[in-house]
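In case you want the letters, here they are:
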Amino acid sequence: MIPLPLVVAALAAAAPLLAMASERWGGLNPCALCLLQRWPYWAGAALALLALVLPRRLMLALAGLAILASGAVAVVHVGVEAKWWPSPLPSCSAPSAGGATSVDDLLKGMDLRPAKPCDEPTYLIPGLPVSMAGMNLIYALGLGGLALWGARRRG
């Protein structure tokens, strides 16, 4: 049987890896909130791996909390997509001309890959009305709950 910390670590790492694969092979462009949701998964994966050598219950609990932090960012992101509130990140708004005085200056200051606004939902599965941020929220709640459940178990 595979130890629960390895399962949690693998599933935590799978979330940002799937998101990166959808960019590379699916042509999706992430927004700033999308990118922010990935970091807690990496922390959760590392903490879950540490549960193999450090106090298991504590490390799994911390991993669960880290994963739930991604879910918290997903709640904010879903609200931004639904236009319930504005994004807290300035990088989520549309770019401005800034200090550009000509079209050439404006073009020089632009990124090669345009930024995606955070209030535009991205749907991974055609016909399923749940955005990637919504799917991340569901996934983070499930995986974070699994890690916390594992932390409460004795043995």
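Above this note sits the structure.
Residues numbered from 1 in each chain as written. Predicted model: local features only at pLDDT ≥ 70, side-chain atom pairs only at ≥ 80, totals over all residues. Heavy atoms only, no water.

Draft legend 1. Molecular detail of the overall build of the protein chain. Check the secondary structure of the protein chain and you find six helices and zero strands. When the elements of the protein chain are put in sequence order from the N terminus, they spell out α-α-α-α-α-α. Burial status across the protein chain gives 33% buried among its 155 residues. The contacts in the protein chain between residues at least 6 apart in sequence include a share of 76% that link residues at least 24 apart. (Helix = DSSP H or I, 4+ residues; strand = E, 2+ residues; numbered from the N terminus. Buried < 20%, exposed > 50% of the residue type's maximum accessible area, 1.4 Å probe, protein only. Contact = heavy atoms within 4.5 Å.)

Draft legend 2. Representation of a nonpolar patch on the surface in the model. The grouping of I2, L6, L49, L50, L52, V53 and L54 at the surface amounts to a nonpolar patch, some 630 Å² of accessible area in total. Its location among the elements puts I2 in the segment before α1 (4-24). The class of I2 is exposed, set by a relative accessible area of 59%. (Patch = residues over 30% accessible without salt bridge, like charges linked within 9 Å, V, L, I, M, F, W, Y side chains within 5 Å. Areas by Shrake-Rupley, 256 points an atom, 1.4 Å probe, with all protein chains shown as cover. Salt bridge = Lys/Arg side-chain N within 4 Å of Asp/Glu carboxyl O.)

Draft legend 3. Representation of the nonpolar core. Judged by nonpolar contacts, the single largest core of 18 residues is most densely connected at V8, A12, Y41, A48, L60, I67 and L143. Contributions of two or more residues to this core are made by α1, α3 (39-50), α4 (56-81) and α6 (132-152). The element contributing the most residues to this core is α1, with six residues. Grouped together as the second largest cluster of nonpolar side chains are six residues, C31, V73, C92 and C118 included. (Core = buried A, V, L, I, M, F, W, Y, C linked by side-chain atoms within 4.5 Å.)

Draft legend 4. Up close: the environment of L60. Looking at the element boundaries, L60 is found in helix α4. L60 gets classed as buried once you look at its relative accessible area, which sits at 0%. Measuring from C-alpha to C-alpha, the distance between L60 and G144 comes to 9.3 Å, with 84 residues separating the pair along the chain. What L60 contacts, discounting residues up to four positions off in sequence, is L4, P5, V8, A51, A147, G150 and A151.

Draft legend 5. Structural detail: the pattern of salt bridges. Scanning the entire structure with this criterion turns up two salt bridges. D119 is the partner of K83 in a salt bridge, and the nearest nitrogen-oxygen pair spans 3.9 Å. Here K83, found in the loop between α4 and α5 (103-109), pairs with D119, found in the loop between α5 and α6; they are 36 residues apart in sequence, far enough to count as distant. Given the relative accessible area of 31%, D119 is considered partly exposed.

Draft legend 6. Up close: α3. An ideal rise of 1.5 Å per residue puts 16 Å on 12 residues; α3 measures up with 17 Å between its terminal C-alpha atoms. Turning to α3, its buried residues number three or more, namely P40, Y41, G44, A45 and A48. In an axial view of α3, the angular spread of the buried residues amounts to 140°, which keeps them on one side of the axis. (Expected span 1.5 Å × (residues − 1). Arc of directions from axis to C-beta.)

Draft legend 7. View of the layout of surface pockets. The space that makes up the largest pocket amounts to roughly 400 Å³. If you go around the largest pocket, you meet 22 residues; those closest to its centre are A15, A19, M132, A133 and N136. For the lining of the largest pocket, the secondary-structure elements that each account for two or more residues are α1 and α6. The element contributing the most residues to the lining of the largest pocket is α1, with six residues. (1 Å grid on protein atoms, 1.4 Å probe; cavity = no way out; pocket = protein on both sides within 12 Å on 5 of 7 lines; lining within 4 Å. Points joined across faces, edges and corners; volume = space filled by probe spheres on them.)

Draft legend 8. Geometry of the packing of α3 against α4. At a closest axis distance of 8 Å, the pairing of α3 and α4 adopts a crossing angle of 170°. The angle between α3 and α4 places the two elements in the roughly antiparallel class. Contacts between α3 and α4 pair P40, Y41, A43, G44, L47, A48 and L50 from the former with M59, L62, A63, A66, I67, A69 and S70 from the latter. Tallied by class, the residues present in the contact of α3 with α4 amount to 12 nonpolar, two polar and no charged. (Axes fitted to C-alpha atoms, helices over the stretch in contact; angles between N-to-C directions. Parallel < 35°, antiparallel > 145°, perpendicular 65-115°, else oblique. Nonpolar A, V, L, I, M, F, W, Y, C, P; charged D, E, K, R; others polar.)

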